[in-house]
Structures are given as C-alpha cells and as structure tokens.
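# Examination of the molecular architecture
Here's the letter readout for the chains.
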Amino acid sequence: MVKQSGQVDIIINGAGMVGLSLALALGQAGFQVLVVEAQNITDNVLSQDESCDLRVVAIAKSTVRFFEQLGVWGQIKSFRLGQMENMRVWDQEFSGRVDFFSAQVLEENLGYIVEQKNILHALRCTLKKLSNVKVRTNSALQQVQKDPSFVYCNLSEKERLTAKLLVGCDGGNSWVRNISDIQAHVLSYQQQAIVATIQSKEPHNYTAYQRFNRTGALALLPLYQDNLLSIVWSAHEDLIPGLLALSHRAFEVKLTKEIDEVLGPLALKSQRVAFPLKQSHAKSYVADRVVLLGDAAHTFHPLAGQGVNFGLKDAQVLAAVLAEAKHKKRDIGLPYLLKRYERKRRLHNQMMIYLMRAFKEGFGTSHTATTFLRNEGLDLVNRTSLFKQFFIKNALG
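We now turn to the structure provided with this report. (Residues numbered from 1 in each chain as written. Predicted model: local features only at pLDDT ≥ 70, side-chain atom pairs only at ≥ 80, totals over all residues. Heavy atoms only, no water.)

Attention now moves to unusual backbone geometry. Phi at asparagine 138 is positive, roughly 55°, even though this residue is not glycine. With respect to the helices, strands and loops of the structure, asparagine 138 is situated in the loop between β9 (133–136) and β10 (141–146). Positive phi, normally seen in glycine, also occurs at aspartate 260, with a value near 60°. Relative to the helices and strands, aspartate 260 is located in the loop between α7 (248–258) and β18 (266–268). Judged by its relative accessible area of 37%, aspartate 260 falls in the partly exposed class. (Helix = DSSP H or I, 4+ residues; strand = E, 2+ residues; numbered from the N terminus. Buried < 20%, exposed > 50% of the residue type's maximum accessible area, 1.4 Å probe, protein only.)

Here it is, written out as structure tokens:
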C-alpha cells in the first residue's frame, strides 16, 4: 500500500551539479524542495591528499557569479582550484593556430578547472543549512501522475509525494523526460572521449592546450599543481578500444606525440575511462507540470567545455522565473510560465549544439577546401585582436 508522505512545492529528480544548484537557488527563494537521487551518495570530507577526480569541469566567469550568489564559491575555490590564464588551439595537420590570453580582455583568467566532487561537496554542505530543502539519496521515482493542480510521484519505498512541479535534472537518459513522453533529437558523434589525469615534465603555466585533427580533439586542462593536468581525448569510436588496450607506457608515449610534445613527456597518474559522445536536444523543455534542465534537455560535444555552464545557466534562469511567479502568487506549474524559461534558454542551447557540430564536422573532414578554410580561419583569428576578444568574452559568459 502506498502511503502519502507529504507535499512540497517542487520535486527535483537528480542530485548532480545542476539539480543541487537549482535546489539551493529555489530553497533560498523560499520554496519547499525535495531532491531525489537514485544513487547512494556518501559525502566525505575532502582531503588535499586524495587523488584527483577524473570528472573535472571548466567553469566560466558567468558560473562563478552564479556560485557567488548561491554562497558556495568561497568553499569551492578553497580546495584545489585550477585556473586557465591562456589557451592554445591548433590544427595538427596544418599550420593554423590561435593563442588566447586573459590579458587581452583585461581578465585575471579565462576560467577555472574544478573537480566535480568539490562542487558537489560545497553544494551539499550549503544545502544542509536550509530546513526547507531535503535530499533523498538511494531513492528512485517509480511513477508519476498528474491532475490540473498537482503532480504525484511514487518513490521506490512505496511513498507518494505531492508537488506543484517536477523538474528533470537526471542526465542525458532522463527518466523524467521519458516518462513525460517528451521526444528528443539524438545524434551520435560516432566518437568516445577518454579522460584521465596526467603529469607533465614541463609546467603548464596555467595554459590549456587543444589540438584538432581528423580523428578528433585532444585537450589538456591545467589542474591545481604546476605539472598536473586533466585530459579529454575524443576520437572515433573505432580507435578507442586500441587506446585503452595500450600499456601505461605505450599510452604515455602516444599521448605525448599526439599533443606535439608541448609539455615534454607525459605520465599517467590515474586510470583511463571512456564514454560515448552524443548530441541531443529535447523537442520541448516543458510538459504538464514538468520541466527539463541540463543534460536532460540538451547535450553537446565536450570540446568547448561549456556543457556544465549551460546547464547551470538553465538552473539560474528557471530559478529566477519561479521566484518571480512565487512573488506574484502564481501557480509555478502553469505551462505558459514554464515556457518563459524555455524561450530564454532554448536558442542559446541550440546555437551551441550547431557550433559544436560544425567544429566536429569541420575538423573531421579531409576535403581540401574545408581543410584550407579551417586553417586560414584559425590564422585569421590569431592575427585579429577583435576576433580574439569576441571569442574570449563569449566563452567567459
């Protein structure tokens, strides 16, 4: 028998960075919020001596401002913060190259490289201070029913919760999206990405490196120590098994060669993990008393490092829309109100999807005219300070 266990304003499915950031923003606005997470999460105290998280994210200045508003940035920046002051991008097969410097836009840096566990820990610690936000881990939504005024969610423990709004922050294979019959355009990049932590012989000097060739993109992201970096190596899916099968030493040699020895010999400091890359975009972010954010609404290629920033911008915009509705005493689950959030975010997300697709296709071709144009384009940007400033300011957010 299902027991009724209470009513909240909003149920958020997914306790990742986007879901917890939204919960914190909504909690600070006075909403009663329940976050449901299927995984069993233990939140241990972070140690400076523990190994680096393989999951690192590039944080733009716009995200820093959001984290400052939430009151978590101080804690995040106090633990093993990497920063990018410069970025070098080049076409390995030709001479095209662009160098970006934060000084070109009078900024201290171009962004930060942060371990995901650091961000999640800061969000959880801050959420514990709010009595109106609860996080339920090791729990899964089983069923959703709706009427004109409420959404009813059954938990695996045979509990039923009532809310005005259900939010899907549950990733690219979103359960909320599927149960709500929201279709998505999904396209495989036919690539996988290998992530790992490495150590370089030469110091990275707060510089990120990204090289392109026909097989994919390879990025080196500077971490909190002078010689420690995170790699994201995207390549055609047929090449990945061979790269993973290499011995540590053979992989280090190949990696060093693939990045043109920009930092001298490279050494693995972690295991290698690969995951498939796909592009997806929900045909709608909104259904009856349901709204989607982050990867549940959109995914794109990681080569720009903007995925989490766009997801957190979704959270920031939705929180502002709902807070305004609360202030005006309006029903937060009404479709016209939720569509206001979608109108503010959909075009920006779609433009990034198109841009990442163009980058992937442009660097993945051997067509003579295309390779000539991409090479000349990189050199043109490198020679033109106005172009550089435009790209940097857009990346900063």
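After that view, the rundown keeps rolling.
Each full turn of the α-helix corresponds to 3.6 residues, which orients residues three or four apart in the same direction. Taking 1.5 Å as the rise per residue, helix α1 (residues 17–28) with 12 residues should run 16 Å; its terminal C-alpha atoms sit 16 Å apart, in good agreement. Summarising burial for α1: 11 of the 12 residues are buried, a large majority. Taken together, the buried positions of α1 are occupied by Met17, Val18, Gly19, Leu20, Ser21, Leu22, Ala23, Leu24, Ala25, Leu26 and Gly27. Of the residues trailing α1, glycine 30 is marked for its positive phi of about 100°. (Expected span 1.5 Å × (residues − 1).)

Ranked by size, the top nonpolar core spans 71 residues in total, and within it Ile12, Leu22, Val167, Leu293 and Leu322 carry the most contacts. When residues of this core are assigned to their parent elements, the largest contribution, nine residues, is made by helix α8 (residues 307–327). Those residues in contact with leucine 293 that lie beyond four places of it in its chain are Val18, Leu22, Val167, Gly168, Cys169, Asp314, Ala315, Leu318 and Tyr341. Counting 19 residues, the second-largest nonpolar core is a separate cluster that includes Trp90, Leu229, Leu266 and Leu268. (Core = buried A, V, L, I, M, F, W, Y, C linked by side-chain atoms within 4.5 Å. Contact = heavy atoms within 4.5 Å.)

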